[in-house]
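Analysis of the macromolecular model
One letter stands for each residue in the lines below.
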Amino acid sequence: MNRRQLILGTGAGLAAGTAALAGAAQAVSKPKPANDDSGCGGGTLKLCEYEPTNMLEVEKTEVPRARYPVIDTHTHFTFAAVVKKGVALSAKRDFIATPEQLLPVMNQRNVRAMVDLTGGYGQGLKETVARYQDAHPERFYIFTEPSYERFLEPNYPKVQAEAIEQAHRDGAKGLKILKTLGLYLRENITAGKLVKIDDPRFDPMWDACGQLNIPVSMHISDPAAFFTPIDRHNERYEELHDHPDWSFYDHDFPKKKDLLEARNRVIARHPKTRFVGLHVANYSVNLGSVAETLDRYPNLTVDIAARLGELGRQPRTARKFFDKYQDRIVFGTDAAPEDPEFFGEMYPYYFRFLETADDCFPYAPTKVPPQGRWNI
Ligand SMILES: [Zn+2]
């Protein structure tokens, strides 16, 4: 092996190449890692089997409870019972955790209240409000959702606006928009052309929320990597490999940029309606752009749900962002507590990120980092 092969032969680049050179200079034959017959540094160890131990010895602060009581503004403990091609088609709800299961974890972690964004509509919403919000006031808040099953009714815009008013009378504290709008809802509900986020048929709905002064929490598009090919260059490769249906690359899906711009036109057109851009306005890989969006639209706030991995790998930029927009950022986790253990274990990761200056730690209580293999 010559000098050039030594340097180029390692995927890890210059540092590893230099180390290899130093080793070669001593002409010592080192034991090879198991199965290393591939000619590249990692051998044939499967990515899914790779579980490196972090050898960094730095401060480790346990934060089992939030320092201040928190409201988790982004959770899902109820879901639509009937979903076809990404569109909820019935008011019927599935309840994945009872208040009795949730409250002890909330008390333990200092979570004062949880907001269930996917509270549904109609009878399902009423049932959700009764079970959680009415039974445990100030611990649970329920949001409503659009009734896309009525989308083909001739006066849908008016019907939907009135449904929001009714939902508000039934106790709903806000409106949640899933990525269904933009990526799943089609002209014939589950077939035909995709309906645009800024389609004027929804204007009365956005206005109704403004008039009732209830927030609209919007999940628009998905992580940037989900709009790029599922290949070796994709930093979310493992997730997309396991869930190919999470990919919005190709087919007739719009570009991520177009989805965000359509959302921004909605926010601009309804200045009296308050919007919450979920998941750092769905663009956590570009906080500069999120900052511009916040500057442009005073009726927008953002949450940080399920984006510790992104915020935590750009700690200096994130810190500046948090300092500048501190009154425009709300706490949320995207917790779907069907797994009570994960639900309970997840909160300390948020608190550690938000409250300590610890370096280089995992962003989720999983064996493999779930949204890309890095620490924060
Ligand atoms: Zn969510």
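Residues numbered from 1 in each chain as written. Predicted model: local features only at pLDDT ≥ 70, side-chain atom pairs only at ≥ 80, totals over all residues.

**Description of the packing of helix 3 (residues 99–109) against helix 14 (residues 340–355)**
Two numbers describe how helix 3 lies on helix 14: the axes approach to 10 Å, and their chain directions differ by 20°. Of the possible angle classes, the one that applies to helix 3 and helix 14 is roughly parallel. For the element pair helix 3 and helix 14, the recorded crossing hand is right-handed. Residue-level inspection shows Gln101, Val105, Gln108 and Arg109 of helix 3 in contact with helix 14, the latter providing Pro340, Phe343, Gly344 and Tyr347. Across the contact of helix 3 with helix 14, the residue classes tally to 4 nonpolar, 3 polar and 1 charged. (Axes fitted to C-alpha atoms, helices over the stretch in contact; angles between N-to-C directions. Helix = DSSP H or I, 4+ residues; strand = E, 2+ residues; numbered from the N terminus. Parallel < 35°, antiparallel > 145°, perpendicular 65-115°, else oblique. Left-handed = near helix turned anticlockwise from the far one by under 90°. Contact = placed C-beta atoms within 7 Å. Nonpolar A, V, L, I, M, F, W, Y, C, P; charged D, E, K, R; others polar.)

**As for helix 11 (residues 287–296)**
For helix 11, the set of buried residues is Leu287, Val290 and Leu294. Buried residues of helix 11 fall within an arc of 55° about the axis and therefore sit on the same side. In helix 11, those exposed residues whose orientation departs by more than 90 degrees from the buried face are Gly288, Glu292, Asp295 and Arg296. Residues of helix 11 that are buried in the fold lie against helix 10 (278–282), strand 11 (300–303) and helix 13 (315–324). (Buried ≥ 20, exposed ≤ 12 C-beta atoms within 10 Å, placed from the backbone. Arc of directions from axis to C-beta.)

**A look at the environment of Asp207**
With respect to the element layout, Asp207 can be found in helix 7 (residues 203–212). The class for Asp207 is partly exposed, based on 17 C-beta atoms found within 10 Å. Along the sequence, Asp207 and Arg269 sit 62 residues apart, while their C-alpha atoms lie 9.5 Å from each other. When sequence neighbours within four positions are dropped, the list of residues in contact with Asp207 reads Ala161, His270 and Thr273.

**Things to note about the sheet that holds strand 6 (residues 111–116)**
Note: strands within a sheet are paired through backbone hydrogen bonds, in either parallel or antiparallel orientation. Spatial ordering of the open sheet is given by 1-6-7, a layout of 3 strands whose pairing is parallel. Sheet topology places strand 1 (70–75) and strand 7 (140–142) at the edges, where each strand pairs with a single neighbour. Each neighbouring strand pair of the sheet contributes to a mean axis angle of 20°, computed without reference to strand direction. In terms of strand pairing, strand 1 meets strand 6 through 4 bridges, oriented parallel. Counted as the bridge partner of Val70 is Val111 from strand 6. (Pairing = 2+ DSSP bridges.)

Remember, this is a structural readout, not a statement about activity or role.
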